[in-house]
Amino acid sequence: FIAAAKKLPDPRWLDGTALGLLLRWEPIAKPGWLTHALLEVPGLTNALTYGVLIFECSVLWLVLTRARPWAVLCGLALHLMILLTMEVGSLSLTMLAWYAILLDAPTRQVFRRLHRRCKPHPLALQ
């Protein structure tokens, strides 16, 4: 929500051009097929810009409703896309980790079981 509040006064977010500009800005943009693909589809970065604003403005409300799983899924997708297309330090990884606190207990148990299964065998490291 705070991120949206900081973006709302910026005309580039309001006119839908912010993400397109960020994905073209050399210090931020991660070159690669995904960044290129996002920039090649006319209007896609504009739609994504508005999608980010709508999500960030509503995420606090969404996590308090039955829409919580969808809010978590959208947030994970948003920060995964940032991780794959932009150089913003550890922000994306940190935010991906923070979504874990929004998961309900049964879902956390599923992830714990998956994590235990995926641990490498000690002899596999040799």
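This text follows the structure it describes.
Novice: Would you mind going over the pattern of salt bridges in detail, with residue names and values included?
Specialist: It is possible for side chains bearing opposite charge to pair when their charged atoms get close. According to the stated counting rule, one finds two salt bridges in the structure shown. When the shortest N-O distance is used, the salt bridge between Lys-7 and Glu-56 registers 2.9 Å. You can see Lys-7 sitting in helix α1 (residues 2-7) and its partner Glu-56 sitting in helix α5 (residues 44-62), a full 49 residues away along the chain. Take Lys-7 and Glu-56: they sit in the same class, and that class is buried. The partner of Arg-12 in a salt bridge is Asp-10, and the shortest N-O contact between them spans 3.1 Å. The class for Asp-10 is buried, based on a relative accessible area of 18%.

Novice: Requested: an account of the side chain of Ser-92, with residues and values cited.
Specialist: Along the chain, the position of Ser-92 falls in helix α7 (residues 91-98). The exposure class of Ser-92 is buried, given its relative accessible area of 1%. Among the polar contacts made by the side chain of Ser-92, one reaches the main-chain amide nitrogen of Leu-83 at a distance of 3.3 Å. For Ser-92, the residues in contact, after removing those within four places along its chain, are His-79, Ile-82 and Leu-83.

Novice: Give me the packing of aromatic side chains: which residues, what numbers.
Specialist: All told, the structure shown has zero aromatic pairs when counted by the stated rule. One cation-aromatic arrangement involves Lys-7 over Trp-13; the distance from NZ or CZ to the ring centre is 4.6 Å.

Reading guide: rules and limits
- Residues numbered from 1 in each chain as written.
- Predicted model: local features only at pLDDT ≥ 70, side-chain atom pairs only at ≥ 80, totals over all residues.
- Heavy atoms only, no water.
- Salt bridge = Lys/Arg side-chain N within 4 Å of Asp/Glu carboxyl O.
- Helix = DSSP H or I, 4+ residues; strand = E, 2+ residues; numbered from the N terminus.
- Buried < 20%, exposed > 50% of the residue type's maximum accessible area, 1.4 Å probe, protein only.
- Polar contact = N/O pair within 3.5 Å; in protein donor to acceptor, adjacent residues only side chain to side chain.
- Contact = heavy atoms within 4.5 Å.
- Phe/Tyr/Trp six-rings, centres within 6.5 Å; stacked < 30°, edge-to-face > 60°.
- Lys NZ or Arg CZ within 6 Å of the ring centre and 35° of its normal.

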